[in-house]
Amino acid sequence: MNPKFLLVSDPAQPLVGTFVYGLVYQHKDLIRGYVKTHGGGWYHKDDKAKVMTLYGSSGDYGEPDFRFLDRIPRELKDYTFIYTPFWGAPEKELSLEGVEWF
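We now turn to the structure provided with this report. What you see is a predicted model, and the numbers here were worked out from it, not measured in a lab.

### Here's the deal with the overall build of the protein
A count of helices and strands for the protein gives 0 helices and 8 strands. Helices and strands in the protein line up, N terminus first, as β-β-β-β-β-β-β-β. For a compact globule of 102 residues, the expected C-alpha radius of gyration is about 13 Å, and the protein comes in at 13 Å, within 12% of that figure. Each principal axis of the C-alpha atoms in the protein carries an extent, and together these give about 35 × 30 × 20 Å.

As structure tokens, then:
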């Protein structure tokens, strides 16, 4: 099992993206029902430092489009989100302004 994430939208709200993540074999294992995907990748969750590092891209769904980072699970509220195209590359902190914590 691998730490993977996707950004997905419900067809009823196609412009509102939800961050889904988990330990899965394939990115498609994160999908429940019919959704629009906006890319994905891998993650490293550091619970001690409260940092969620997102990196890479999904072979099936492409690079993550962070314009669709609108909703994040509440258990990650105090985490800083960082993105890097590949592990070890320069990192960029993602803005969480306006994010809905559900």
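### Side note on the packing of aromatic side chains
The final tally for this structure, using the stated rule, is 6 aromatic pairs. Aromatic side chains F19 and F81 sit 5.5 Å apart centroid to centroid with 85 degrees between the ring planes, which places their arrangement in the edge-to-face category. Separated by 62 residues along the polypeptide, F19 in strand β2 (residues 18-24) and F81 in strand β6 (residues 80-84) bring together distant segments of the chain. Judged by its relative accessible area of 0%, F81 falls in the buried class. The ring of F102 has R71 lying over it, and the distance from NZ or CZ to the ring centre is 4.1 Å.

### Overview of the pairing of strand β4 (residues 51-55)
Consecutive side chains along a regular strand alternate between the two faces of the sheet. Within β4, 5 of the 5 residues are buried, leaving the element largely enclosed by the surrounding structure. Burial of the side chains of β4 extends over both faces: V51, T53 and Y55 are buried on one face and M52 and L54 on the other. In the sheet, strand β3 (residues 36-46) pairs with β4 via 5 bridges, with the strands oriented antiparallel. Pairing of Y43 across the sheet is with L54, part of β4. Between β3 and β4, which pair antiparallel one after the other, the connecting turn spans 4 residues, and K50 there sits at a positive phi close to 55 degrees. One ladder, built from 5 bridges, connects β4 with β6; its direction is parallel.

### Notes on the pattern of salt bridges
In total, this model carries 3 salt bridges according to the counting rule given. Note that R71 and E100 form a salt bridge whose closest N and O atoms lie 3.3 Å from each other. Of this pair, R71 sits in strand β5 (residues 71-72) while E100 sits in strand β8 (residues 100-101), placing them 29 residues apart in sequence. Residue R71 is classed as partly exposed on the basis of its relative accessible area, which comes to 22%. Judged by relative accessible area, which is 41%, E100 ranks as partly exposed.

So, how was this worked out
- Residues numbered from 1 in each chain as written.
- Predicted model: local features only at pLDDT ≥ 70, side-chain atom pairs only at ≥ 80, totals over all residues.
- Heavy atoms only, no water.
- Helix = DSSP H or I, 4+ residues; strand = E, 2+ residues; numbered from the N terminus.
- Rg over C-alpha atoms; globule rule 2.2 N^0.38 Å.
- Phe/Tyr/Trp six-rings, centres within 6.5 Å; stacked < 30°, edge-to-face > 60°.
- Buried < 20%, exposed > 50% of the residue type's maximum accessible area, 1.4 Å probe, protein only.
- Lys NZ or Arg CZ within 6 Å of the ring centre and 35° of its normal.
- Pairing = 2+ DSSP bridges.
- Salt bridge = Lys/Arg side-chain N within 4 Å of Asp/Glu carboxyl O.

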